[in-house]
Every structure is written in C-alpha cells, then in structure tokens.
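# Descriptive analysis of the structure
Here is how the chains run, residue by residue.
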Amino acid sequence: MKVEHIGIAVEELESSNRLFEKLLGFPPYKEESVDSEGVITSFFKLGDSKLELLQATHADSPIAKFLNKRKEGIHHVAFEVEDISSEIIRLEKEGFKLITPTPKRGADNKLVVFLHPGTTNGVLVELCQEIKETTENDKENRNQ
Ligand code: ZN
C-alpha cells in the first residue's frame, strides 16, 4: 500500500486550482468530473502521490454534505491496493465497514471503495486500484 492521493473538499474548483498552483508552483495535470459521485475533481502530481481537489456538482453530492457540516479541508486519504476485491474481504473480516458494498469507477482510471469513518478513527479512507484492461481469462478467474 502507498498513499495514492489525499482528497481535499473545496467550495470552488477554479479558485482552489489557482491557490494550489501558487502553493506548489505548477498547475493541475487534469480535471475530471465523476457523475456517480456528483463531483468535479482536479489532480496535482506530488512525486508518487497526488492531491485531489473535489468540488460538488449538486446539493446531494457527498462533497456538498461534507462542506455543509465541516467546511473546506481534508476529505479523505486514498491508499492504493493491488487487488481491491481481496482487500475488501480482508478488511470486512477485520471489522471495517464499507460505505458502498462494491467498488465503483472513480476518477483517474481507478476502481474505488470508501471505508466508513466510524470504523477508521474518523478518517474517510478510500481504497483504489488501477483499472487494467481485463482479458476473458481474467474474468473467468474472478468468477471462480
Ligand atoms: Zn479520492
């Protein structure tokens, strides 16, 4: 595992992009909206890790709810895993709760799942796994 990125909830992406560009000395390398999560995101590369800025696109977005309760700030820490399905099984056995039962497609070509902060000392933890093109063989192996 490594820290793949840190997610920061922001009210307004464009001004936050400029702020972090000033702070880091370089611009974000991409912006991407994730409709399933109701967010638009931008990414700054930081060596092996990234910063992800997240702005809500509608009032029901998890980011809008977070901003209402907690204001802007660190929203989640994302750990990269090799095999998200086996990690989910391992962590559920250890007593961690998932926010959604199965991984979803997130930003930046990842499968993602979130652990409930009630079971992780108040920290919203994202697990992410790079999406690799799968062959028919892979699919069969997974179904066994
Ligand atoms: Zn994230």
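I will try to describe carefully the structure that is included in this document. Just so it is clear, the structure is predicted and the values come from calculations on it, not from any experiment.

## Some remarks on the coordination of the zinc ion
- Taken together, the protein ligands of the zinc ion are H5 (NE2), E52 (OE), H76 (NE2) and E126 (OE), with distances of 2.1 to 2.2 Å.
- Bound by 4 donor atoms, the zinc ion shows angles of 83 to 170° at the metal and therefore irregular coordination geometry.
- Assessed through its relative accessible area of 5%, E52 is described here as buried.

## Concerning the layout of surface pockets
- Taken as a whole, the largest pocket encloses approximately 710 Å³ of empty space.
- Along its surface, the largest pocket is lined by 36 residues, and P62, H75, I99, F114 and L124 are the ones closest to its centre.
- A total of 6 residues in the lining of the largest pocket trace back to one element, the largest contributor, which is helix α2 (residues 62-70).
- Its residues assigned to classes, the lining of the largest pocket comprises 17 nonpolar, 9 polar and 10 charged.

## Topic: the nonpolar core
- Ranked by size, the top nonpolar core spans 11 residues in total: A9, V34, V39, F43, L54, A56, I63, A64, F66, L67 and A107.
- Counting only elements with at least two residues in this core, the list comes to β3 (39-46), β4 (49-56) and α2.
- Once you skip the residues sitting within four places of it in the chain, A64 turns out to touch A56, H58 and A59.
- With 9 residues, the next largest nonpolar core counts L98, L115, V125 and L127 among its residues.

## Notes on the pairing of strand β8 (residues 125-130)
- Burial within β8 is extensive, with 5 of its 6 residues counted as buried.
- Summarising the sheet, strand β5 (residues 73-80) and β8 pair through 4 bridges and their orientation is parallel. Residue pairing for β8: E80 is matched across the bridge by C128.

## A look at the pairing of strand β1 (residues 2-9)
- Examined bridge by bridge, β1 and β5 share 7 bridges and lie antiparallel to one another. Residue pairing across strands places H5 opposite A78, the latter belonging to β5.
- The pairing of β1 with β4 spans 5 bridges and is classified as parallel. What sits directly across from A9, in β4, is L54.

## Here's the deal with the side chain of T41
- Take T41: it is sitting in strand β3.
- A relative accessible area of 1% places T41 in the buried class.
- Residues contacting T41, with those up to four places away along its chain left out, are L13, K30, E31, E32, E52, L53, L54 and A107.

## Examining helix α3 (residues 84-93)
- I84, E87, I88 and L91 are the residues of α3 that are buried. Relative to the axis of α3, the buried residues are bounded by an arc of 105° and lie together on one face.
- Along its buried surface, α3 packs onto β7 (110-115) and β8.
- Sitting at the amino-terminal end of α3 is D83, which places a side-chain oxygen 3.1 Å from the backbone nitrogen of S85.
- Directly beyond the C-terminal end of α3, a positive phi value near 100° is found at G95.

Conventions adopted
Residues numbered from 1 in each chain as written. Predicted model: local features only at pLDDT ≥ 70, side-chain atom pairs only at ≥ 80, totals over all residues. Heavy atoms only, no water. Donors = N, O, S within 2.8 Å, 3.2 Å for Na, K, Ca; no water. Tetrahedral: all angles 85-135°; square planar, octahedral: opposite > 155°, others 65-115°. Buried < 20%, exposed > 50% of the residue type's maximum accessible area, 1.4 Å probe, protein only. 1 Å grid on protein atoms, 1.4 Å probe; cavity = no way out; pocket = protein on both sides within 12 Å on 5 of 7 lines; lining within 4 Å. Points joined across faces, edges and corners; volume = space filled by probe spheres on them. Helix = DSSP H or I, 4+ residues; strand = E, 2+ residues; numbered from the N terminus. Nonpolar A, V, L, I, M, F, W, Y, C, P; charged D, E, K, R; others polar. Core = buried A, V, L, I, M, F, W, Y, C linked by side-chain atoms within 4.5 Å. Contact = heavy atoms within 4.5 Å. Pairing = 2+ DSSP bridges. Arc of directions from axis to C-beta. Polar contact = N/O pair within 3.5 Å; in protein donor to acceptor, adjacent residues only side chain to side chain.

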